[in-house]
Amino acid sequence: MDKVIVITGGSRGIGAATAVLAAQQGYRICINYLADDAAAHEVLAQVRALGAQAIAVRADVSDEEEIVRLFIEVDEQLGPVTALVNNAGTVGLKSRVDELSELRIMHTLKTNVLGPILCAKHAVLRMSPRYGGQGGNIVNVSSVASRLGSPGEYVDYAASKGAVDTFTLGLSKELAGEGIRVNAVRPGYIFTDFHALSGDPGRVSKLEPIIPMGRGGRPEEVAEAIIWLLSDKASYTTGTFLDLGGGR
Ligand code: NAP
């Protein structure tokens with residue numbers, strides 16, 4: 001089967017590392033991103049240099065019309081999606097719950113929960129034999145925050161990842177008989193630009209002393225787990241959570 005992967009938020013961090021590994025595994029690749037054209041095109045050049053057929057598509061995953069356009073572009077340029085990595089995510093500034101605005105909570109939930117559910121919907125419309133598809137794979141990028149709760153920092157974010165976990169469980173059972181596996185990775189503190197969004201770009205280095213392994217994780221270490229879950233080597237996994245928290 002041709003391997004066509006859509007990586008949401010593929011222009012930076014964990015998504016970009018996943019795109020590079022996917023290129024080495026023979027996938028045709030769609031790098032989705034929200035705004036940073038230059039970063040997306042840098043990753044595009046990197047995966048093309050590895051011999052992959054690839055496109056970069058700017059689309060906001062919190063908006064279904066943009067998701068529809070994203071998957072149509074993939075259909076037309078790469079063929080129907082066989083692997084979806086629901087990786088795009090956001091977090092707000094470090095705050096207690098009594099300081100959160102409705103707008104900020106909605107932004108977090110729309111990007112981190114609505115986005116993955118709608119992207120999965122449009123992937124399933126192409127993967128499921130009900131619609132003429134041949135099966136496929138979905139990996140959701142959750143967080144160890146889903147089981148730790150992130151008190152005093154961003155409980156709204158942690159709750160959004162809790163929703164991703166429950167969505168992973170439910171969808172995996174819904175699709176298990178249709179040749180579609182659905183799994184999740186739960187990273188801990190990973191060195192990416194994500195932490196600047198919470199107002200603390202140096203967060204991972206500062207927190208290294210409280211990580212049992214004594215160090216933050218690299219995006220490539222998370223990408224390895226994602227690519228393994230997508231591969232036939234993980235053929236009997238579905239509804240599985242792979243934690244990459246260095247012991248947290
Ligand atoms: P990152 O470096 O901040 O990259 C985020 C990516 O998502 C960028 O490509 C960004 O595009 C894209 N994006 C954001 N909102 C989007 C939207 N509405 N539509 C489409 N694309 C969007 O983040 P990361 O650290 O690699 O995190 C990736 C995932 O891992 C997230 O789900 C995050 O919650 C999860 N995670 C990260 C850590 C960590 O320590 N880094 C820990 C646990 C879980 P632009 O650059 O164009 O805006």
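Rules and cut-offs
- For every chain, the first residue of its written sequence is number 1, and the numbers climb from 1 along that sequence.
- Given that the model is predicted, a residue must reach a pLDDT of at least 70 before its local features are reported, and side-chain atom pairs must reach 80 or more before they are shown or counted; all residues, however, enter totals for whole chains, interfaces and linings.
- The side-chain quantities take in all heavy atoms of the structure and omit both hydrogens and water.
- UniProt positions are given in the numbering used here, feature names are shortened, and annotations may be inferred rather than shown by experiment.
- Neighbouring residues are identified by heavy atoms, a residue being near a molecule or strand if any of them is within 4 Å of it.
- Whenever a nitrogen or oxygen atom comes within 3.5 Å of another N or O atom, the pair is scored as a polar contact, on the condition that within protein one atom can donate a hydrogen and the other can accept it, and that pairs from neighbouring residues in sequence are kept only if both atoms are in side chains.
- For accessible areas, the Shrake-Rupley method is used with a probe of radius 1.4 Å. Any residue's cover is judged against the shown protein chains and nothing else.
- Starting at the N terminus, helices and strands are each numbered in turn, a helix being any DSSP run of H or I of at least four residues and a strand any DSSP run of E of at least two.
- Here a helix's expected span is defined as the number of its residues, less one, multiplied by 1.5 Å.
- Here the bend at a residue means the angle between the axes of two seven-residue stretches, the one that ends at it and the one that starts at it.
- The disulfide definition used here is simple: a pair of cysteine sulfur atoms within 2.5 Å.
- Burial classes: relative accessible area under 20% of the type maximum marks a residue as buried, over 50% as exposed, and values in between as partly exposed (1.4 Å probe, protein chains only).
- Only the stretch in contact is used when fitting a helix axis, every axis being a line fitted to C-alpha atoms; angles between N-to-C directions are given from 0 to 180 degrees.
- Relative orientations are named as follows: roughly parallel for angles under 35 degrees, roughly antiparallel for angles over 145 degrees, roughly perpendicular for angles from 65 to 115 degrees, and oblique for any other angle.
- Crossing handedness: left-handed means the near helix sits turned counterclockwise from the far one by under a right angle, and right-handed means the same turn made clockwise.
- By definition in these notes, contact holds between two residues if any of their heavy atoms fall within 4.5 Å.
- Nonpolar residues are Ala, Val, Leu, Ile, Met, Phe, Trp, Tyr, Cys and Pro. Charged residues are Asp, Glu, Lys and Arg, and all others, Gly as well, are polar.

- As recorded by an unreviewed UniProt entry, the chain carries the name NAD(P)-dependent dehydrogenase, short-chain alcohol dehydrogenase family and is attributed to Pseudomonas deceptionensis.
- Its UniProt record gives the chain a comment under Sequence similarities (unreviewed entry), which states: "Belongs to the short-chain dehydrogenases/reductases (SDR) family."

1. Considering the site of the ligand
Now for step 1: Surveying the vicinity of the ligand reveals 31 residues, the closest of which are Ser11, Ala35, Asn87, Tyr157 and Thr192.
Now for step 2: Here an oxygen atom of the ligand and a backbone polar atom of Ala35 are 2.7 Å apart.
Now for step 3: Contact distances for the ligand include 3.0 Å between a nitrogen atom and a backbone N or O atom of Val61.
Now for step 4: For the ligand, whose free accessible area comes to 910 Å², the fraction covered by protein is 95%.

2. Points about helix α4 (residues 102–127)
Now for step 1: Spanning 26 residues, α4 covers 35 Å between terminal C-alpha atoms, matching the ideal 38 Å at 1.5 Å per step.
Now for step 2: Most pronounced at Lys110, the bend in α4 amounts to some 35°.

3. Some words on the state of the cysteines
Now for step 1: Overall, the coordinates contain 0 disulfides when judged by the stated rule.
Now for step 2: With no disulfide of its own, Cys30 lies 9.9 Å from the sulfur of Cys119, the closest cysteine sulfur.
Now for step 3: A relative accessible area of 0% means that Cys30 is categorised as buried.
Now for step 4: A residue is classified by how much of its surface remains accessible, and Cys119, at 1% relative accessible area, is buried.

4. With respect to the packing of α4 against helix α6 (residues 155–175)
Now for step 1: Following both chains from N to C, one finds α4 and α6 inclined at 15°, their axes separated by 9 Å at the closest point. As judged from the angle between their axes, α4 and α6 are roughly parallel. Considering how the two elements wind past one another, α4 and α6 form a crossing that is right-handed. Residues Arg104, Ile105, Thr108, Leu109, Asn112, Val113, Pro116, Ile117, Ala120 and Val124 of α4 form the contact with α6, whose own contacting residues are Asp156, Tyr157, Ser160, Lys161, Ala163, Val164, Phe167, Leu171 and Leu175.
Now for step 2: Counted by class, the contact of α4 with α6 contains 13 nonpolar, 3 polar and 3 charged residues.

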